[in-house]
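Chain by chain, the residues run as shown.
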Amino acid sequence: MADASLLRVDDLALHYQTRNGVVRAVDGVSFDIQRGEALVILGESGCGKSSLAKTLMRVLPRNVHHVGGRVTLDGVEISALPDERFRRDVQWSRMALVMQASMNALNPVVKVGAQVAEPLRVLRRWPRRRALERAAEVFALVGLSNDFMTRYPFELSGGMRQRAVLAMALVAEPDLVILDEPTSALDVLTQASIMNVLKRVKRELGTSFILITHDVATSSELADRVALMYAGELVEVCDARRFFSEPAHPYSRMLMASVPRLRQRERPQSIPGQPPSLLWPPAGCRFAARCPERFASCDHSPPALPLHERHRVRCWLHALDNASPVSDGPRSTGEEGTHDR
Amino acid sequence: MTLPRSAQASSDAKARSTARRSLARDLRHLLLFALRRLVGLLFTVLVGVYLTIVIANMGGKVDELRLVQIRSDVSEMVRADPAFQDMPAEERNTLIARQVGLEVERLRLDEPFLLRSFDYLQRAMRLDLGRAEQMHSDSGSRQVYDLIVERLPATLLLFGSANLLVFFTSVFAALYLSRRYGGAVDRSIIALAPSSAAPGWFYGIFLILFFAFLVPLLPAGGMVSVPPPEGRLAYAASVLRHMLLPLAAMFLSSIFISIYSWRTFFLIHSSEDYVEMARAKGLPSKLIERRYILRPTLSPIITSFLLMLIGLWSGAIILEQVFNWPGLGSLLFQAIGHRDTPVIIGGVVIFAYLLAATVFFLDILYALLDPRVRIEGGKQ
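These figures come from a predicted structure and were not determined experimentally. (Residues numbered from 1 in each chain as written. Chains lettered and ligands numbered in written order. Predicted model: local features only at pLDDT ≥ 70, side-chain atom pairs only at ≥ 80, totals over all residues.)

1. What to know about the overall build of chain A
Phase 1 of the analysis: Within chain A, the regular secondary structure consists of 9 helices and 12 strands.
Phase 2 of the analysis: Taking 20 Å as the expected radius of gyration for a compact globule of 341 residues, we find that chain A reaches 21 Å, a close match to that expectation.
Phase 3 of the analysis: Each principal axis of the C-alpha distribution contributes one length, and for chain A these read about 70 × 50 × 45 Å.
Phase 4 of the analysis: For chain A, restricting intrachain contacts to residue pairs at least 6 apart in sequence, the fraction spanning at least 24 positions comes to 64%. (Helix = DSSP H or I, 4+ residues; strand = E, 2+ residues; numbered from the N terminus. Rg over C-alpha atoms; globule rule 2.2 N^0.38 Å. Contact = placed C-beta atoms within 7 Å.)

2. Focus: the environment of A:Pro247
Phase 1 of the analysis: Relative to the assigned elements, A:Pro247 resides in the loop between helix H8 (240–245) and helix H9 (250–257).
Phase 2 of the analysis: In this structure A:Pro247 comes out as buried when scored by C-beta crowding, with 20 C-beta atoms within 10 Å. (Buried ≥ 20, exposed ≤ 12 C-beta atoms within 10 Å, placed from the backbone.)

3. Section: the confidence of the model for chain A
Phase 1 of the analysis: Mean pLDDT for chain A: 86, with 92% of residues reaching 70 or above.
Phase 2 of the analysis: This model gives residues 327–341 of chain A a pLDDT under 50, and the stretch forms 22 contacts once residues within four places in sequence are excluded. (pLDDT = per-residue confidence, 0-100.)

4. As for the domain arrangement of chain A
Residues and elements named next belong to chain A.
Phase 1 of the analysis: Assigned domains within chain A: domain 1 (1–94 + 176–284) and domain 2 (102–173).
Phase 2 of the analysis: Between the C-alpha centres of domain 1 and domain 2 there is a distance of 25 Å.
Phase 3 of the analysis: The interface of domain 1 with domain 2 comprises 11 residues on the first partner and 14 residues on the second.
Phase 4 of the analysis: Among the elements that line the side of domain 1 that touches domain 2, the one with the most residues is helix H6 (residues 188–205), at 4 residues.
Phase 5 of the analysis: Taken together, the residues of the side of domain 1 that touches domain 2 break down into 8 nonpolar, 2 polar and 1 charged. (Domains from an automatic or database assignment. Nonpolar A, V, L, I, M, F, W, Y, C, P; charged D, E, K, R; others polar.)

5. Quick notes on the interface of chain B and chain A
Size of an interface: often given as the accessible area lost when the parts come together.
Phase 1 of the analysis: In this assembly, 27 residues from chain B lie in contact with 29 residues from chain A.
Phase 2 of the analysis: Those elements that place two or more of their residues in the side of chain B that touches chain A are helix H1 (5–56), helix H9 (273–280), helix H10 (285–294) and helix H15 (371–379) of chain B.
Phase 3 of the analysis: Counted by class, the side of chain B that touches chain A contains 13 nonpolar, 5 polar and 9 charged residues.

6. With respect to the UniProt feature "transmembrane region" (unreviewed entry) in chain B
Phase 1 of the analysis: With numbering matched to this structure, UniProt assigns "transmembrane region" (unreviewed entry) to residues 30–56, 156–177, 198–219, 239–262, 301–323 and 343–369 of chain B.
Phase 2 of the analysis: Segment residues 156–177 of chain B splits into 100% helix and 0% strand. End C-alpha atoms: 30 Å apart. (UniProt positions renumbered as here; feature names shortened; annotations may be inferred.)

7. Quick word on the nonpolar core
Phase 1 of the analysis: Counting 134 residues, the largest nonpolar core has A:Ala135, A:Ala167, A:Val171, A:Ile178 and A:Leu228 as the members making the most contacts within it.
Phase 2 of the analysis: A:Ala167 has contacts with A:Val116, A:Val138, A:Phe139, A:Val142 and A:Leu144, leaving out every residue within four places of it along the chain.
Phase 3 of the analysis: Core analysis: the next-biggest nonpolar cluster, separate from the first, contains 21 residues, B:Ile148, B:Leu328, B:Leu331 and B:Ala335 among them. (Core = buried A, V, L, I, M, F, W, Y, C linked by C-beta atoms within 7 Å.)

8. Describing the domain arrangement of chain B
Residues and elements named next belong to chain B.
Phase 1 of the analysis: Domain annotation of chain B identifies domain 1 (35–125) and domain 2 (153–379).
Phase 2 of the analysis: Here domain 1 and domain 2 have C-alpha centroids that lie 41 Å from each other.
Phase 3 of the analysis: With 13 residues of domain 1 at the contact, the number on the domain 2 side is 11 residues.
Phase 4 of the analysis: Here the side of domain 1 that touches domain 2 takes 10 residues from H1, the largest share from any one element.

9. Things to note about the packing of helix H5 (residues 144–179) of chain B against helix H14 (residues 341–369) of chain B
All names here are of chain B.
Phase 1 of the analysis: Interaxial distance between H5 and H14 falls to 9 Å at its minimum, and their mutual angle equals 55 degrees. Taken together, the axes of H5 and H14 are oblique relative to one another. The way H5 lies across H14 gives a crossing that is right-handed. Taken together, the residues of H14 that come into contact with H5 (itself represented by Val144, Tyr145, Leu147 and Ile148) are Pro342, Val343, Gly346, Gly347 and Ile350.
Phase 2 of the analysis: For the contact of H5 with H14, the per-class residue count stands at 7 nonpolar, 2 polar and no charged. (Axes fitted to C-alpha atoms, helices over the stretch in contact; angles between N-to-C directions. Parallel < 35°, antiparallel > 145°, perpendicular 65-115°, else oblique. Left-handed = near helix turned anticlockwise from the far one by under 90°.)

10. So, helix H4 (residues 113–125) of chain B
Phase 1 of the analysis: A rise of 1.5 Å per residue sets the reference length of H4(B), with its 13 residues, at 18 Å; its end C-alpha atoms lie 18 Å apart and thus fit the reference within 8%.
Phase 2 of the analysis: Within two residues after H4(B), B:Leu127 carries a phi angle of roughly 65 degrees, on the positive side. (Expected span 1.5 Å × (residues − 1).)

11. What about the confidence of the model for chain B?
Phase 1 of the analysis: The share of residues in chain B with pLDDT of 70 or more is 92%, and the mean pLDDT across the chain is 84.
Phase 2 of the analysis: Model confidence for the complex is summarised by a pTM of 0.74, with the ipTM given as 0.82.

12. A closer look at the pairing of strand E10 (residues 233–239) of chain A
Phase 1 of the analysis: Across the 7 residues of E10(A), 6 count as buried, placing the element largely inside the fold.
Phase 2 of the analysis: Between strand E9 (residues 225–230) of chain A and the antiparallel strand that follows it, E10(A), lie 2 residues; A:Ala231 among them carries a positive phi value of about 50 degrees. (Pairing = 2+ DSSP bridges.)

13. Quick word on the sheet that holds strand E11 (residues 305–308) of chain A
All names here are of chain A.
Phase 1 of the analysis: In space, the 8 strands of this open sheet follow the order E6-E7-E8-E3-E9-E10-E12-E11, with mixed pairing throughout. The open sheet terminates on both sides in strands that have one partner only, identified here as strand E6 (95–98) and E11. Adjacent strand axes in the sheet meet at a mean angle of 20 degrees, parallel and antiparallel pairs treated alike.
Phase 2 of the analysis: In the sheet, E11 pairs with strand E12 (residues 311–313) via 3 bridges, with the strands oriented antiparallel. Each residue of the ladder has a partner; that of His308, found in E12, is His311.
Phase 3 of the analysis: Where helix H5 (residues 158–170) meets the sheet, its contacts fall on E6 and strand E7 (176–180), and the angle it forms with E6 comes to roughly 170 degrees.

14. Let's talk about the environment of B:Leu332
Residues and elements named next belong to chain B.
Phase 1 of the analysis: Inspection of the secondary structure assignment puts Leu332 in helix H13 (residues 328–338).
Phase 2 of the analysis: For Leu332 and Val348, which are 16 residues apart along the polypeptide, the C-alpha to C-alpha distance reads 9.5 Å.
Phase 3 of the analysis: In contact with Leu332, other than residues within four places in its own chain, are Ile317 and Gly347.

15. What about the pairing of strand E8 (residues 208–213) of chain A?
Every regular strand shows the same layout, with side chains that alternate between the two sheet faces.
All names here are of chain A.
Phase 1 of the analysis: The element E8 is largely enclosed, with a buried count of 6 among its 6 residues.
Phase 2 of the analysis: Both faces of E8 are covered, namely the face carrying Ser208, Ile210 and Ile212 and the face carrying Phe209, Leu211 and Thr213.
Phase 3 of the analysis: Across 5 bridges, the pairing between strand E3 (residues 38–43) and E8 is parallel. Following the sheet pairing, Val40 is matched in E8 by Leu211.
Phase 4 of the analysis: In this structure, E7 lies alongside E8, joined through 5 bridges in parallel fashion. Bridge pairing links Asp180 to Ile212 in E8.
Phase 5 of the analysis: Remark: the E7/H6/E8 crossover connection has right-handed handedness. (Right-handed = clockwise from strand over helix to strand, strands pointing away.)

16. Details of the packing of H5(B) against helix H8 (residues 232–269) of chain B
All names here are of chain B.
Phase 1 of the analysis: For the pair H5 and H8, the least separation of the axes is 7 Å and the interaxial angle reads 35 degrees. The two elements H5 and H8 cross, and the hand of that crossing is right-handed.
Phase 2 of the analysis: Of the residues assigned to the contact of H5 with H8, the class counts are 19 nonpolar, 6 polar and 1 charged.

17. Focus: the sheet that holds strand E4 (residues 64–73) of chain A
Residue and element names in this part refer to chain A.
Phase 1 of the analysis: Taken in spatial order, the 4 strands of this open sheet run E2-E1-E4-E5, and their pairing is antiparallel. Both outer strands of the open sheet, strand E2 (21–33) and strand E5 (76–77), are each paired with one neighbouring strand and no more.
Phase 2 of the analysis: Across 8 bridges, the pairing between strand E1 (residues 7–18) and E4 is antiparallel. Following the sheet pairing, Arg8 is matched in E4 by Thr72.

Rendered as structure tokens:
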């Protein structure tokens, strides 16, 4: 099958060097996105979501120990491009990033309009006037009045700043926009209107999105597909509708059970325990320690097993018997993983 | 995504008029801000100078000492004068009393100190600094103003060049190091930072020992050779030779800590969210350094530059003594030694004015550089 996907990520890894050892923040992540599709990456704090975004955009911190994997954009392997080419040809013009804490993502001493127009001026060498006109267009698109073009960031409210950063991400008409927790610092009403802007942009411009969040409720609005991240790995990647109705991975199920819903009798369930340290991740399944359905096979790291078309789960429960590393095969529930080698 | 054509034209005109309006708004805020700061600073100088006058006169106590001094001087003079030798004691005493009275009236010591302190104040504010009690300038003038003006250039020359050298060297070295954080050069400079625990004059003593006595290459002190060489060029060369050692002493004592602190400063500011955003935007690193690191931090950089200038006005007492440099520091040192109140007050007044001027300049620069100051500051 010819690869029709816009972005294809294979076995992406990002390891940090710290005083205590190597932190495996992103560890063997694979997924793909079609053109015009929105992928939501869900996960708890500290599971490596933001690191994943930064690895894709090559905004790496100083203490990087290892970066690995293949990233292909439109059939071009961008992970193999030298930094300078990547910066010129891919960053912002093809892929843009709205970072977490975008409250402070604007330069405090430059007018907002000039900042939004900046990528065009610098990367495409557009004349000032033309770039500002284009900036005015995206201002309208994200629902910001043009009066704010000549304002400084500190004169804008949080929601306006978020819109301005969004405008900046859209200004060069990229194929893909990565949004890292775009609404988590905002009040509910502003959240809703930002999500509406995103939906409109997706519908009208056909832009693909990667939306990184911990907020299951907000993510369901935009998502075509969902990837659930746990301890540096994607444990389940699947169609959004299927994920929200019948999640396959035990972690997915428990996560969905922890979300409060309207008109729901039973109380939301929390997941006992803590995610493992990314310094010394357990040898087997990383969720095993918190999993109620753990059994012998869980001492071995499960591969991403295909379940349906474009649906992968990293759990032995869904393995065919012959794919399991343990001869007696998986049991459905309740067994304690006391398997010893 | 594109707007209809008519809407675009009207939005164009609108954008231009908003730009003009925002410029006018900025200018108005700036002027208001400058005016308010000027009034505030003048008041600060007024209070500072008045406090100095009160303290240097010990709240009027110095006048009593002066009265005793006048009495003993006058009686000494009258007793020593052969013309009054055979005068009866009573007559002589009335003569002395009259002379003392005249002198008291001349100095207006009969008026309350409070009244005179305001008189001093208004004269000081007009830079009418009066006459020194003991000291005189090299040209023989006893005007405090002349004394200070004579010494100021020497201080400015030495400390100005030393501080400029340290400032620019350390800022650029720090930018370089912040790019190579954790490298060998970075770590060795950091390791050298504690060398700044010793003051400049301490290094000065060793430099004099090595380069003036063990290997006599440079003069041990003074500002120019004796007698001063003829011709401008020769004179300048001689001053330069005399400057080298004190300059080196100051440079050595402050360069490493200065690089260290600027490097930390740049490291902190290069992890700001907007800098990371600029990196994600794919801007070239030179541009990021200029527009996203240096530009937003220009206010603190300039502050520390001007604070350095403020420190420079007063010179450095011990360093000037060690190198026998004829600057303001040693002038104040001598004035304190002689208890020459007008010189001390005069020095403080000049210093207060220079300080206020520097701060005012700084405020305006802030407002020009940082929209947050200009707009918020003009609003209140």
